[in-house]
Amino acid sequence: MDAHYHPEIIEPEAQQHWEEKQIFRAVEDPARPKYYCLSMFPYPSGKLHMGHVRNYTIGDVLARYHRMKGFNVLQPMGWDAFGLPAENAAIANDVAPAGWTYANIDYMRGQLKRLGLAIDWSRELATCKPDYYRWEQWLFTRLFEKGLIYKKMATVNWDPVDCTVLANEQVIDGRGWRSGALVEKRDIPMYFFRITSYAEELLSELDHLPGWPERVKTMQRNWIGKSFGVEIHFPLSPNSPQGSTTLPSPASGARGEFGMHGIPPSQPAGDASPAVGREAGAGGEGRIQGEPSSQDSSVLKVFTTRADTLFGVTYVAVAAEHPLAQQAAAGNPALAAFINECKQGSVAEADLATMEKKGMDTGLKVYHPFTNEAVPVFVANYVLMGYGEGAVMAVPAHDERDFAFAKKYGLPIKAVIRPPEGDTRNGKGETENRSQPDTFPISHFPFPLPYVEYGTLFDSGDFSGRTSAEAIDAMALVLKNLKLGEKRTTFRLRDWGISRQRYWGCPIPIIHCPTCGDVPVPDEQLPVVLPEDVKIDVGSPIKKMPSFYQCACPKCGGPAERETDTMDTFVESSWYYARYACPNNTTAMVDERANYWLPVDQYIGGIEHAILHLLYARFFHKLMRDVGLVTSNEPFANLLTQGMVIADTYFREAGDGKKQWINPADVEIRDGVAVLKADGQPVRVGGTEKMSKSKNNGVDPQALIDQYGADTARLFMMFAAPPEQSLEWSDAGVEGANRFLRRLWKAVHEHVEAGITEAYSGGELPAAAKDFRRQLHQTIAKVTDDIERRKQFNTAIAAIMELMNALAKLEGADPATRAVKQEALEAVVLMLSPIVPHICRTLIKALKPGTCMVGSPWPAADESALERDEIELMLQVNGKLRGKLRVAADAAKDAIEAAALASPELQKFMEGKPAKKVVVVPGRLVNVVV
RNA sequence: GCCCGGAUGGUGAAAUCGGUAGACACAAGGGACUUAAAAUCCCUCGGCCUAUGGCCAUGCGGGUUCGAUUCCCGCUCCGGGCACCA
């Protein structure tokens, strides 16, 4: 073998061998246990970044490890190819999104292949190809017919200058990123997937996913947000224009009653629910049927989880889009102006939640359902139309947000809950009100407000003296008898709006017929193909392309128009894992091969997908199950969420205040100042964020691979930090990873030059060789556990490095010692082969000619080599380390205690005082308390 | 703002179930080899002090425990998500 390590020679050789012999082609084989190892597929943004290298190396290590463990492994790869960046690139570079995307795919495929991943490339798919998305359209039509897809109004970011809908990402400080115009909220019709029908199952099934990280399950539980509460009706006061059922017309730009949606009742999966979507009236300009409106204009409905605070209500607040607010605004220009103001800004919840809480009195009053007191109705910008009833009862004494709002607008604060007897905890919040003169009407109470915990009721009529829990039950009962409310369970989860007014996505397979309404495209007319040869400027080209949208109604044959919106790209990524099982099927979405491979045994991807992608994919799996395509309940048995690879962001501000993001590779630090390498002028430093196209802070691994090879890049990424931890990018340490591989090569080379031998298999060993062999088998056990159970590769690598350091120090050229060295080198090379496969392929062939690395079994730890005669215990006095003690491995507890007490170290630090207590932890330590 | 994480030497990190804090590396400094450089090898490497010993130290402040990086309570800062980035 060559005396020097030359990755530039051995890596292409190995990759060519794997590709020619189709080593990683996966074939269904019911006789072997299968292992479906899936890494989240990339968006083809142009180049790989370090986050991809991390993600795909983790997946590759697990795939290769399981192959060595005898599993039938499937590791596929594909492209999440639809999406917004392609349209942006198309405008910027005057190219078609399709061409840009395909070019990126070709380049990135090359980069992935250069990493030496054990992928079955014959299953590669791209979601922008009709042979993929036609099945998405097919499923859409099935779901539409089942009523699991419906149409309703939804609010979007509207750029009034460019006249386009903006993604949340494209709204920066309330302005459109390109035009700089103030963004407005606008209501447009959209198709929705009825994910709320599956809310209960999506929640409860989380309890049956032991292979998922707890934090991801917690996030999903909170996102679904099941809460038990009470719906309460506040009758409108006669002064209010009640009885008037005339609501503002949708044409005014306001959200009409069809936009109102209560929380749809949970439906059991598979239940043929009424096909609401099909009831949609005439297409085009016609009326949009939304959720059945439960709005009764003589009462204001609110939902609350804290009905126990009902007697503390001092106002109610409604969303700006609430019909009551619209009604009141009709004769109140100031209110109308305020509601208009609420229409400004983005629809992103993060923006809504952080903006200044503002409100205005509508002049309307509602009656308190128990006291009949008149309560003012406010419009408040913090009340969301999309959640609950779009109205809340406000209890300033027991809610932080209401408290702040009441103080701001001088509204009364009435406390009705006190801490339970014996509870010494303070309420959260401000205490200064008790010593300072009240600036607002506030009743007297001996604890700080707002008090937001549960407690005991007072000043609450017949309910006074009850606990919160009792009161909620009792009040719900009384309200029900009064027909003014009842207990209800709600979910925070909202239905999934999937319409996008964009070009580069999967066309929604619906035809709008003036006579028949919304008609799904029949199977034989699928796929609805997205034209690829287009020019992009402002707006979607297919909306201006009669050849695309003009069509005949499949039902009546009359002239009709095709839907020109496309689907959310999350739809494609919700089922690709199933399509990998049978990517070449031209007659069905998935076939029986999916049931062989599914569920995915190990799914690996960034923690940023903890909620949306993973929840949508779980939802889609259940949809596919309920149309009979798959038999499992969940798509991903085990989930590994890798931490983000983050990097500094740099930018310059253009004249119009827009930020130009600069890649970290083009920036250097001179005298503590970040400057652009090209012109030496300073750039501004943004935050440290996940590598992304939008912030242009992705670090391309290409230079690293070109300089050191794929194995060094892989080893370095795996050694840098455990997978779940976020990782601030720095190439410090790459040199060390490369150095280790050179040392490994050299160690094998020297051993091989001295003559290969049979690996040790028994017989007497010199003491040093015996000790080394114990370390070898401890290392095998540790590395196996680290990879299989802990999925932590940095410590596995560290253990192997330690072993190699020990091997370098192992003297002796006698046959027994050389046999142990042979055993150790073979084991090390095999253990490293999932991480650095190219070098290991060459090394194992040198150590054991004729060996096929990919087919080699994983080394097994020899239990008998692990045995020890003596162990070392730590000696502590009062918990402080004072000495060490060597004892026989099988020493009894009391013998250890006696030996410890007799040791000079303990004698010294006990200072002659008697031991009050002696704690003996076998195999660990002895702690003496004096 | 809300939900979920994280914080340990100059740096990346380790300590797996509450039991030796800093494994393994990187960087730095010193030395060997060399005409020289690279490469390689060896040594030092948390802080402080009255230094073969001792004290302090795992973001900050409390608590539980014989013993806390690990568990609990309250903060600070950083990262991820917040439904149209993917």
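Bear in mind that the values here come from a model prediction, so they are computed numbers and not experimental data. (Residues numbered from 1 in each chain as written. Chains lettered and ligands numbered in written order. Predicted model: local features only at pLDDT ≥ 70, side-chain atom pairs only at ≥ 80, totals over all residues. Heavy atoms only, no water.)

*Asks:* Would you mind going over a negative patch on the surface with me for this structure?
*Replies:* Taken together, the side chains of Glu863, Glu867, Asp869 and Asp890 present a region of like negative charge at the surface. Along the chain, the position of glutamate 867 falls in the loop between helix H23 (837-847) and strand E34 (870-877). (Patch = residues over 30% accessible without salt bridge, like charges linked within 9 Å, V, L, I, M, F, W, Y side chains within 5 Å. Areas by Shrake-Rupley, 256 points an atom, 1.4 Å probe, with all protein chains shown as cover. Salt bridge = Lys/Arg side-chain N within 4 Å of Asp/Glu carboxyl O. Lys, Arg positive; Asp, Glu negative; His and termini not counted. Charge placed at Lys NZ, Arg CZ, Asp CG, Glu CD. Helix = DSSP H or I, 4+ residues; strand = E, 2+ residues; numbered from the N terminus.)

*Asks:* Is there a simple way to explain the sheet that holds strand E36 (residues 917-921) in this structure?
*Replies:* Strands in a sheet are paired, the pairing made by backbone hydrogen bonds, and the direction either parallel or antiparallel. In space, the four strands of this open sheet follow the order E35-E34-E37-E36, with mixed pairing throughout. Both edges of this open sheet fall to strand E35 (880-888) and E36, since each of them pairs with a single strand only. The average undirected angle you get between the axes of adjacent strands in this sheet is 20°. Relative to E35, E34 is paired through eight bridges, and the arrangement is antiparallel. Paired with leucine 873 across the two strands is leucine 885, which belongs to E35. (Pairing = 2+ DSSP bridges. Axes fitted to C-alpha atoms, helices over the stretch in contact; angles between N-to-C directions.)

*Asks:* How should I be thinking about the environment of isoleucine 119 in this particular structure?
*Replies:* Structurally, the position occupied by isoleucine 119 is in the loop between helix H4 (97-114) and strand E4 (125-126). According to the relative accessible area criterion, isoleucine 119 is buried, its value standing at 5%. Sequence-wise, isoleucine 119 and valine 919 are 800 residues apart; in three dimensions their C-alpha atoms are separated by 54 Å. Non-local contacts of isoleucine 119, meaning those with residues more than four positions away in its chain, are made with Phe24, Gln75, Pro76 and Met77. (Buried < 20%, exposed > 50% of the residue type's maximum accessible area, 1.4 Å probe, protein only. Contact = heavy atoms within 4.5 Å.)

*Asks:* Teacher, can you tell me more about the packing of helix H18 (residues 710-720) against helix H21 (residues 793-809) here?
*Replies:* Between two packed helices, both the angle of their axes relative to each other and the distance between the axes serve to describe the pair. Relative orientation of the contacting elements H18 and H21 amounts to 110°, with a least axis distance of 6 Å. As far as their axial angle goes, H21 and H18 are roughly perpendicular. Along the contact surface, H18 presents Leu715, Met718 and Phe719, while H21 presents Phe793, Asn794, Ile797, Ala798 and Met801. For the contact of H18 with H21, the class distribution of residues is seven nonpolar, one polar and no charged. (Parallel < 35°, antiparallel > 145°, perpendicular 65-115°, else oblique. Nonpolar A, V, L, I, M, F, W, Y, C, P; charged D, E, K, R; others polar.)

*Asks:* Even after reading the chapter, I still don't get the packing of aromatic side chains, so can you show me in this structure?
*Replies:* In this description, an aromatic ring pair is defined by two values, namely the gap between the centres and the angle between the planes. Applying the stated criterion across every chain, the model contains 40 aromatic pairs. A centroid spacing of 5.8 Å and a plane angle of 35° characterise the contact between tyrosine 503 and tryptophan 504, whose relative ring orientation is tilted. The burial state of tyrosine 503 is the same as that of tryptophan 504; both residues are buried. Members of the aromatic cluster, connected to one another through ring pairs, are Phe140, Phe144, Tyr191, Phe193, Tyr198, Trp496, Phe570, Tyr616, Phe619 and Phe620. Lying over the aromatic face of tryptophan 121, lysine 113 brings its terminal NZ or CZ to 5.1 Å of the ring centre. (Phe/Tyr/Trp six-rings, centres within 6.5 Å; stacked < 30°, edge-to-face > 60°. Lys NZ or Arg CZ within 6 Å of the ring centre and 35° of its normal.)

*Asks:* Explanation requested: helix H16 (residues 612-626) in the structure shown.
*Replies:* In an α-helix, one turn spans 3.6 residues; hence positions three or four apart end up facing the same way. Over its 15 residues, H16 extends 21 Å from the first C-alpha to the last, a length consistent with the 21 Å expected when each residue adds 1.5 Å. Within H16, 13 of the 15 residues are buried, leaving the element largely enclosed by the surrounding structure. Positive backbone phi, at 85°, marks glycine 628, one or two positions downstream of H16. (Expected span 1.5 Å × (residues − 1).)

*Asks:* When you look at unusual backbone geometry in this model, what are you seeing that I'm missing?
*Replies:* Phi is mostly negative for residues that are not glycine, and the peptide bonds are mostly trans. Of note, the amide linkage connecting leucine 526 to proline 527 takes the cis form, showing an omega dihedral of 0°. The residue proline 527 is located in the loop between strand E22 (517-520) and helix H13 (546-549) in this model. Residue proline 599 is reached from leucine 598 by a cis peptide bond, and omega for that bond is -5°. For proline 599, the location among the structural elements is in the loop between helix H15 (592-597) and strand E26 (602-606). Its identity is not glycine, yet glutamine 22 carries a phi of approximately 50°, on the positive side. Here glutamine 22 is to be found in the loop between helix H1 (7-20) and strand E1 (34-39). Judged by its relative accessible area of 44%, glutamine 22 is partly exposed. Non-glycine residue aspartate 459 carries a positive phi angle of around 50°. Counting through the fold element by element, aspartate 459 comes out in the loop between strand E17 (456-457) and helix H12 (468-481).

*Asks:* Sorry, what's going on with the protein's contact with RNA strand B here?
*Replies:* Around RNA strand B sit 76 residues, and of these Asp80, Arg502, Lys782, Arg789 and Asn927 come closest. Within 4 Å of the protein, the atoms of RNA strand B are drawn from sugar and phosphate moieties in a proportion of 62%. A distance of 2.9 Å separates a base nitrogen of RNA strand B from a polar atom in the backbone of arginine 494. Take alanine 720: an N or O atom from its main chain is 2.6 Å from a sugar or linking oxygen of RNA strand B. For the surface near RNA strand B, the element with the most residues is H21, which contributes six residues. In the surface near RNA strand B, the residues fall into 29 nonpolar, 21 polar and 26 charged. (Near = heavy atom within 4 Å. Polar contact = N/O pair within 3.5 Å; in protein donor to acceptor, adjacent residues only side chain to side chain.)

*Asks:* Is there a simple way to explain the pattern of salt bridges in this structure?
*Replies:* Oppositely charged side chains can form a pair if their charged atoms are brought close together. If you walk through the whole model with that rule in mind, you get 42 salt bridges. The shortest N-O distance in the salt bridge between arginine 114 and glutamate 11 comes to 3.1 Å. In this pair, arginine 114 sits in helix H4 while glutamate 11 sits in helix H1, placing the two residues 103 residues apart along the sequence. When its relative accessible area of 22% is taken as the criterion, arginine 114 is described as partly exposed. For aspartate 786, the salt bridge is made with arginine 790, and the minimal N-O distance between the two is 2.9 Å. Remark: arginine 790 and aspartate 786 occur in helix H20 (residues 767-790); sequence separation between them is four residues, near one turn of the helix. With relative accessibility at 34%, the residue arginine 790 sits in the partly exposed group. Salt bridges linked by common partners bring Glu201, Arg618, Lys622, Arg625, Asp626 and Glu634 together as one network.

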